[in-house]
Amino acid sequence: MNAHGRLRASLLAALLLAARGAEAEPSRASSPWYVPDHAAMQFAGAIGFLSAGPGWSFRDDSLEAAFLVGWAPPALAGEDFITFTLKGQWRPFRIDAAGWTLRPLMVGGMLSYTVGDDYFAGLPSRYDRGYYWFRTAIRPALLLGASAGRPVESLNLRLVEGYFELVATDYRLVQFVRNPSTVNVELFTLALGVKLRF
């Protein structure tokens, strides 16, 4: 199985494991904290072309954590690479209207680690000390977004929730502070995703 096939299998396995854990424990109130209560799939957002994985919600879904595995194809990124991401979010406001649940504000952060020949966590010996001030494999980022969702009882889902996020990585934030006239809209990367809440 090539790298594409392995990654697709990993993404599918992450979603299936999250769903299986949720089916085994249908009530979040009676589930141990470590059992995922939702699965997420995301397009873009500085963590790969496509990413997916399990998530955990606390305090009536106002706090969230997720672990996502992302992939970008060579046609878009120049090479195959996989990114592992931990995300945390605070969603302080909730509006329920006409069967919909809206979260008009989501703020948070994430930390990603990219595996690939062109990515490093420590400066390789081929570069002089100080040549790079950042690690290409490790990317902290800030998130800002919103979501909307509604229950889908026919699929036994508590909520199917679409979301968007504006992602600003450490590299882009530092470049913006150093020279704001050259970094404008490019400060943010857009992520679109869906969460299946069990």
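**Student:** Even after reading the chapter, I still don't get empty space enclosed by the protein, so can you show me in this structure?
**Tutor:** Summary: where empty space remains is shown by rolling a probe the size of a single water molecule over the atoms. The final tally for this structure, using the stated rule, is two cavities of 30 Å³ or more. Each pocket or cavity is described by its volume, and for the largest cavity that value is around 80 Å³. Contributing to the lining of the largest cavity are His-38, Ala-40, Glu-64, Ala-65, Ala-66, Leu-68, Lys-87, Gly-88, Gln-89, Tyr-163, Glu-165 and Lys-195. Elements that contribute at least two residues to the lining of the largest cavity include exactly strand 1 (38-44), strand 3 (63-72), strand 4 (81-90) and strand 8 (157-169). For the lining of the largest cavity, the leading source of residues is strand 3, giving four residues. When its residues are assigned to classes, the lining of the largest cavity shows five nonpolar, three polar and four charged.

**Student:** Sorry if this is basic, but what is going on with the pairing of strand 1 here?
**Tutor:** Walk down a regular strand and you will see the side chains alternate between the two sheet faces. Burial runs high along strand 1: five of the seven residues are buried. One ladder, built from six bridges, connects strand 1 with strand 2 (residues 50-58); its direction is antiparallel. Counterpart to Phe-43 in the pairing with strand 2 is Leu-50.

**Student:** Just to check I follow, could you spell out the pairing of strand 7 (residues 138-152) for this structure?
**Tutor:** Two strands pair when backbone bridges link them, and strand 6 (residues 100-115) and strand 7 are joined in this way by eleven bridges, in the antiparallel orientation. Note on strand 7: the bridge partner recorded for Gly-109 is Leu-142. Pairing analysis gives eleven bridges linking strand 7 to strand 8, with the strands arranged antiparallel. Directly across from Ser-147, in strand 8, lies its bridge partner Tyr-163.

**Student:** For this particular structure, what's the right way to read the layout of surface pockets?
**Tutor:** Roughly 470 Å³ of volume is contained in the largest pocket. Surrounding the largest pocket, 21 residues form its lining, Ala-46, Ile-47, Phe-81, Tyr-119 and Arg-139 being those nearest its centre. For the lining of the largest pocket, the elements supplying multiple residues, two or more each, are helix 2 (74-77), strand 4, strand 6 and helix 3 (170-178). The residue makeup of the lining of the largest pocket, split by class, is eleven nonpolar, eight polar and two charged.

**Student:** In this structure, what is going on with the packing of aromatic side chains? I would like to understand it.
**Tutor:** Each aromatic ring pair is specified by the distance between its two centres and by the angle formed by the two planes. Scanning the entire structure with this criterion turns up two aromatic pairs. Between Phe-43 and Phe-49, the ring centres sit 5.2 Å apart and the planes meet at 85 degrees, which makes this aromatic pair edge-to-face. Judged by its relative accessible area of 35%, Phe-49 is partly exposed. With 6.3 Å between their ring centres and 15 degrees between their planes, Phe-67 and Phe-84 make a pair best called stacked. Of this pair, Phe-67 sits in strand 3 while Phe-84 sits in strand 4, and the two are 17 residues apart along the sequence. For Phe-67, a relative accessible area of 31% gives the class partly exposed. Overall, Phe-84 belongs to the partly exposed group, its relative accessible area being 33%. Cation over ring: Lys-195 sits above Tyr-163, and NZ or CZ is 4.8 Å from the ring centre.

**Student:** Explain the confidence of the model for the protein to me, please; I cannot follow it from the model alone.
**Tutor:** Low pLDDT means the predicted atomic positions in that stretch should not be read closely. Confidence along the protein averages 83 in pLDDT terms, with 80% of residues attaining 70 or more. Mean pLDDT in the protein bottoms out at helix 1 (residues 3-24), which sits at 51, and peaks at strand 1, which reaches 96.

**Student:** Just checking my understanding: could you explain the nonpolar core for this structure?
**Tutor:** The nonpolar side chains of soluble globular proteins are, as a tendency, buried together. Membership of the largest hydrophobic core is limited to eight residues, which are Ala-40, Ile-47, Leu-68, Met-110, Ala-141, Leu-143, Val-167 and Ala-191. The residues contacting Val-167, other than those within four sequence positions of it, are Gly-45, Ala-46, Met-110, Ala-141, Leu-142, Leu-143, Leu-187, Phe-188, Thr-189 and Ala-191.

Calculation criteria
- Residues numbered from 1 in each chain as written.
- Predicted model: local features only at pLDDT ≥ 70, side-chain atom pairs only at ≥ 80, totals over all residues.
- Heavy atoms only, no water.
- 1 Å grid on protein atoms, 1.4 Å probe; cavity = no way out; pocket = protein on both sides within 12 Å on 5 of 7 lines; lining within 4 Å.
- Points joined across faces, edges and corners; volume = space filled by probe spheres on them.
- Helix = DSSP H or I, 4+ residues; strand = E, 2+ residues; numbered from the N terminus.
- Nonpolar A, V, L, I, M, F, W, Y, C, P; charged D, E, K, R; others polar.
- Buried < 20%, exposed > 50% of the residue type's maximum accessible area, 1.4 Å probe, protein only.
- Pairing = 2+ DSSP bridges.
- Phe/Tyr/Trp six-rings, centres within 6.5 Å; stacked < 30°, edge-to-face > 60°.
- Lys NZ or Arg CZ within 6 Å of the ring centre and 35° of its normal.
- pLDDT = per-residue confidence, 0-100.
- Core = buried A, V, L, I, M, F, W, Y, C linked by side-chain atoms within 4.5 Å.
- Contact = heavy atoms within 4.5 Å.

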